[in-house]
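# Topology and contacts: notes
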Amino acid sequence: MKGKQYRVTGNAFPRLGRPPRRGRKVAIALGTVLTLGLVTVGGSQLYDVFSGKHKGSTAQACAGVSGKPLAAPENSASAGALSAPASGAPASGGPAPVPSDTAVPQPAAVKVNVYNATGKAGLAARTADELRKRGFVVDKVGNAPAALDKKVPGTAQILSGPGGLGAATLLVSQVAAATATEDSRTDATVDFVIGDTFSALADPTQAAAALAELTKPSPTPEPGHC
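Residues numbered from 1 in each chain as written. Predicted model: local features only at pLDDT ≥ 70, side-chain atom pairs only at ≥ 80, totals over all residues. Heavy atoms only, no water.

Identification of the protein chain as LytR/CpsA/Psr regulator C-terminal domain-containing protein from Kitasatospora setae is taken from an unreviewed UniProt entry.

## Considerations on the pattern of salt bridges
If charged atoms from side chains of opposite charge come close, those side chains can pair. Tallying each qualifying case throughout the model produces six salt bridges. A salt bridge links Lys150 to Asp149; the shortest N-O distance between them is 3.3 Å. A residue is classified by how much of its surface remains accessible, and Asp149, at 28% relative accessible area, is partly exposed. A salt bridge links Lys216 to Glu213; its shortest N-O distance comes to 3.4 Å. (Salt bridge = Lys/Arg side-chain N within 4 Å of Asp/Glu carboxyl O. Buried < 20%, exposed > 50% of the residue type's maximum accessible area, 1.4 Å probe, protein only.)

## Regarding the sheet that holds strand E5 (residues 190–194)
Here five strands make up an open sheet; going across it, the order is E2-E1-E5-E3-E4 and the pairing mixed. Looking along the sheet, the strands with just one partner apiece sit at the ends: strand E2 (137–143) and strand E4 (179–182). Neighbour-to-neighbour, the strand axes of this sheet turn through a mean angle of 20 degrees, independent of strand direction. Pairing analysis gives four bridges linking strand E3 (residues 156–160) to E4, with the strands arranged parallel. Looking across to E4, one finds that Leu159 is bridged to Thr181. Against the sheet, helix H5 (residues 165–172) touches strand E1 (111–116), E3, E4 and E5, its axis set at about 165 degrees to E3. (Pairing = 2+ DSSP bridges. Helix = DSSP H or I, 4+ residues; strand = E, 2+ residues; numbered from the N terminus. Axes fitted to C-alpha atoms, helices over the stretch in contact; angles between N-to-C directions. Contact = heavy atoms within 4.5 Å.)

## Here's the deal with the pairing of E1
With five of six residues buried, E1 lies mostly within the body of the structure. Considered for its hand, the β-α-β crossover made up of E1, helix H4 (residues 123–133) and E2 is right-handed. One ladder, built from five bridges, connects E1 with E5; its direction is parallel. For Asn113, the partnering residue across the bridge sits in E5 and is Asp191. (Right-handed = clockwise from strand over helix to strand, strands pointing away.)

Dropping the structure here:
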């Protein structure tokens, strides 16, 4: 049986290879999109670093590490002044808090009570005389109250309220290894409670060096470092 015969003409021949897969095209497109996204994000971060846009957030992070509060933004002061009651009373209606005074005063501005919490007689009187020679104003001298008597294991315990924090710092410098404790008193008086290991006040040179160390400002961290 004789059928029709066909003849191939021309110079182009049909391609017999495997057609390209659709999945490969999709993968290439996704890779291109991800690459462009990474380049965009990286460029934005570099811009923020060199422009200093996130210096404030770095400072807040450092404050969380050090535990020291940062100063409030400038506009927050005016906002607080506008929201405060005209009478000056606290918003909660409770008693106004005692303002803290951390500035170290001169000895003549410090009123100190000297108490002996040990079994050694005469320590309070001798220490009070020495503090007077250094310019402090000594008020009460005697045995420690029952809550502290025979309960101060170190050299001395310095007690003050918020208004006497600076005065307490000055007194801490007068005796080696003394500790400071804040209580709820509302005045600026300070209690100097003599402990079991106390022998004498530090000499004036040592006291001056200790005060300089206690009042030395903390170093300011470099930008971007805590």
